[in-house]
Amino acid sequence: ASGKDAPQQLVDLLEEKLANGQASALTHLLLANRKLVDNDFEQAVGHLELAHRLAPSSPIIKNNLALAIVRKTPDDQEVYKRAEGLMLTALQLSGPNAEMLDSLGEIRAAGNDTMGAIECFESAIGLDSNRNGTRKKLAAAYRKVGLSDLANIQERMIRESLPSDSGSSVEAGSAVEEASDR
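Conventions we followed
- Residues numbered from 1 in each chain as written.
- Predicted model: local features only at pLDDT ≥ 70, side-chain atom pairs only at ≥ 80, totals over all residues.
- Heavy atoms only, no water.
- Helix = DSSP H or I, 4+ residues; strand = E, 2+ residues; numbered from the N terminus.
- Buried < 20%, exposed > 50% of the residue type's maximum accessible area, 1.4 Å probe, protein only.
- Areas by Shrake-Rupley, 256 points an atom, 1.4 Å probe, with all protein chains shown as cover.
- Salt bridge = Lys/Arg side-chain N within 4 Å of Asp/Glu carboxyl O.
- Contact = heavy atoms within 4.5 Å.
- pLDDT = per-residue confidence, 0-100.
- Polar contact = N/O pair within 3.5 Å; in protein donor to acceptor, adjacent residues only side chain to side chain.

**Structural notes on the overall build of the protein chain**
A tally of regular secondary structure across the protein chain gives ten helices and zero strands. Starting at the N terminus and ending at the C terminus, the protein chain contains elements arranged as α-α-α-α-α-α-α-α-α-α. When burial is assessed residue by residue, the protein chain has 39% of its 182 residues classed as buried. In the form shown here, the protein chain has an accessible surface area of approximately 10,000 Å², with 51% of it arising from carbon and sulfur atoms.

Encoded structure:
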């Protein structure tokens, strides 16, 4: 379940732990994830920084913190460097991980390291070929460096992964968007 789907009772319990000074890294991570779903990057970063202090070896916290700080402060090269460092450490801790490679690719793309982003997205797809969201990002990165033939292949792979009864081209287009979010 996403942070937005968290039952109010769970949110109340987490906030009570926080108010009583009993917040664990998991408490902060769960509250941060809810803030990320709501695009409240300021508060998400605060919770993730606290979670990171409490559990500095958690690759999941490092992953979420890296993405949150880049989304909170776009166009800041120091933020990109920190985020990339967090992600490289997370990958060392977790081993090969498609989700984390996708995150590192997103960070590199945002920091204008398009070739580095391509490398990450390709590696993520190599680990999990069903990642249409990663394929969409990879296609955009390929187009950015003038490799439209490779972008077309990724877009075709997304289309081929969709149900064959997509209907009209308008419906198929929205289905591509929906599938690319997976």
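**Here we look at the pattern of salt bridges**
Counting across every chain of the model gives eleven salt bridges. A salt bridge links Glu84 to Arg108; the shortest N-O distance between them is 2.7 Å. Of this pair, Glu84 sits in helix H5 (residues 77-94) while Arg108 sits in helix H6 (residues 98-110), and the two are 24 residues apart along the sequence. For Glu84, a relative accessible area of 25% corresponds to the partly exposed category. Lys137 is the partner of Asp102 in a salt bridge, and the nearest nitrogen-oxygen pair spans 2.6 Å.

**Here we look at the side chain of Thr114**
Tracing the sequence through the fold places Thr114 in helix H7 (residues 114-127). In this structure Thr114 touches Arg108, Ala141, Lys144 and Val145, once residues within four positions along its chain are discounted.

**A look at the environment of Ala32**
With respect to the secondary-structure elements, Ala32 resides in helix H2 (residues 25-37). By relative accessible area, which is 0% here, Ala32 ends up buried. Each C-alpha atom of the pair Ala32 and Leu48 lies 6.1 Å from the other, and the pair is 16 residues apart in sequence. Once residues within four sequence positions are removed from consideration, Ala32 is found in contact with Ala44, His47 and Leu48.

**Structural notes on the confidence of the model for the protein chain**
Put simply, the protein chain has an average pLDDT of 86, and 85% of its residues get 70 or more. At the low end of the mean pLDDT range in the protein chain sits helix H10 (residues 169-180), at 41; at the high end sits H7, at 98. Residue range residues 166-182 is modelled with pLDDT below 50. Its contacts to residues more than four positions away, or to other chains, number 16 contacts.

**So, the environment of Arg131**
Tracing the sequence through the fold places Arg131 in the loop between H7 and helix H8 (132-144). For Arg131, a relative accessible area of 12% gives the class buried. The spacing of Arg131 and Glu99 is 32 residues in sequence and 9.0 Å in space, taken between C-alpha atoms. The residues contacting Arg131, other than those within four sequence positions of it, are Ala98, Glu99, Asp102 and Ala124. Among the polar contacts made by the side chain of Arg131, one reaches the side chain of Glu99 at a distance of 3.1 Å.

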